[in-house]
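# Coordinates in review
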Amino acid sequence: MAQFLPEYALAAVPRYTSYPPANRFNATIGEADYRRWLAAASGQDTLSLYVHVPFCRALCWYCGCHTMIANRAEQVDRYLGALGKEIERVSDAFTQQVPVVHLHFGGGTPNFLTPDQFSRLVDLLRDRFSFADDAEVAVEVDPRTLLSEHIVAFRTSGVSRVSLGVQDVSADVQRLINRVQPFELVEKAVNDLRAAGITGINADLMYGLPGQTVDHVRRSAKAVAGLQPDRFAVFGYAHVPWFKKHQKAIDEDKLPGGAERLAQAEAVADELGKAGYVPIGLDHFAHSEDPLYQAQINGELRRNFQGYTVDPATMLVGLGASSISALPQGYIQ
């Protein structure tokens, strides 16, 4: 089988990280279907909420997310106004109270919002939906723009898990992807979050970035593992400049080839394994005492559009631009 690896490894196909992939969505399912599906929820269902914040301070050139640079406060205010109306309309579409067991803020950069904006958004969600007492609230964070006031707002709003975008700790790779982020910032973010009582910490790493080598990814995995996050997500860079125009800023001559990408992926897994992390599914790692690992052992591991999860909800409702809802009857974006 080894001789066929390049054929499959280098094929241009939809990203495996989301299923169904984007090219399977179409306009035959609409608002009426969505309203009907929400209204069909029963008292036996549980709900997971995903909120998309499509703003960043600066654009990372590797990014494949739905985001933009907001240069004016009015843009964010308009978006939050529309998001608030969507939250109200979606919550009104339920005919029965369905408890929320998980809330996830993704982006973009959720901590692009001011601490007050974030707190008011959580307050609205708690006002419109019924949250279980043990509901997990998770937020994706850019360590470069994380303020102490954000951490206070997170703690007050019940945030219990934070995912930190790291990607690579080396300055030469960071310059090539337009994300200069000294490791000390990541370390400070982890320490400050834990000091505030937010102990659920995830970290994101990438391989296949321009200028990256096996040595780079080993160094990154070892450095971040030293901070002892609970979980890692490790993704391969997807170069799609015809779809994400800003990726044209990346020098394609500096991208590692298929064999090098494979070696990098194996190097990350090896380094994390040395640090006590075990592989979860395709692209996640966790400590053996982490609930994610236990779910895998027990055959209860699940995957949604944020990755592998122990989220037990029977319904996932996406709120905000580009977000995806996964309901028993089908998917809505």
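Notes on the structure follow. None of these values were measured; they are calculated from a predicted model.

### Concerning the packing of aromatic side chains
Counted according to the given criterion, the structure contains seven aromatic pairs. Consider the rings of F55 and Y79, whose centres lie 5.4 Å apart with planes at 85 degrees: the pair is edge-to-face. Taken together, the residues span a long stretch of sequence, with F55 in strand β2 (residues 55-56) and Y79 in helix α3 (residues 73-93) at a distance of 24 residues. The class for F55 is buried, based on a relative accessible area of 2%. Its relative accessible area of 15% is what places Y79 among the buried residues. A centroid spacing of 5.6 Å and a plane angle of 35 degrees characterise the contact between F55 and F112, whose relative ring orientation is tilted. Here F55 is found in strand β2, whereas its partner F112 is found in the loop between β4 (100-107) and α4 (115-128), with 57 residues between them in sequence. Connected via pairs of aromatic rings, a cluster forms that spans F55, Y79 and F112. Here the basic side chain of R126 rests over the ring of F131, its NZ or CZ set 4.7 Å away from the ring centre. Over the aromatic face of Y308 sits the side chain of R303, whose NZ or CZ is 4.4 Å from the ring centroid.

### Quick look at the pairing of strand β5 (residues 131-141)
In this structure, β4 lies alongside β5, joined through five bridges in parallel fashion. Along β5, the bridge assignment pairs H104 with A138. Each parallel crossover has a hand, and the one from β4 via α4 to β5 is right-handed. Where β5 and strand β6 (residues 161-167) come together, four bridges link them in parallel fashion. Residue pairing in the sheet places V141 in a bridge with L164 of β6.

How each quantity is defined
- Residues numbered from 1 in each chain as written.
- Predicted model: local features only at pLDDT ≥ 70, side-chain atom pairs only at ≥ 80, totals over all residues.
- Heavy atoms only, no water.
- Phe/Tyr/Trp six-rings, centres within 6.5 Å; stacked < 30°, edge-to-face > 60°.
- Helix = DSSP H or I, 4+ residues; strand = E, 2+ residues; numbered from the N terminus.
- Buried < 20%, exposed > 50% of the residue type's maximum accessible area, 1.4 Å probe, protein only.
- Lys NZ or Arg CZ within 6 Å of the ring centre and 35° of its normal.
- Pairing = 2+ DSSP bridges.
- Right-handed = clockwise from strand over helix to strand, strands pointing away.

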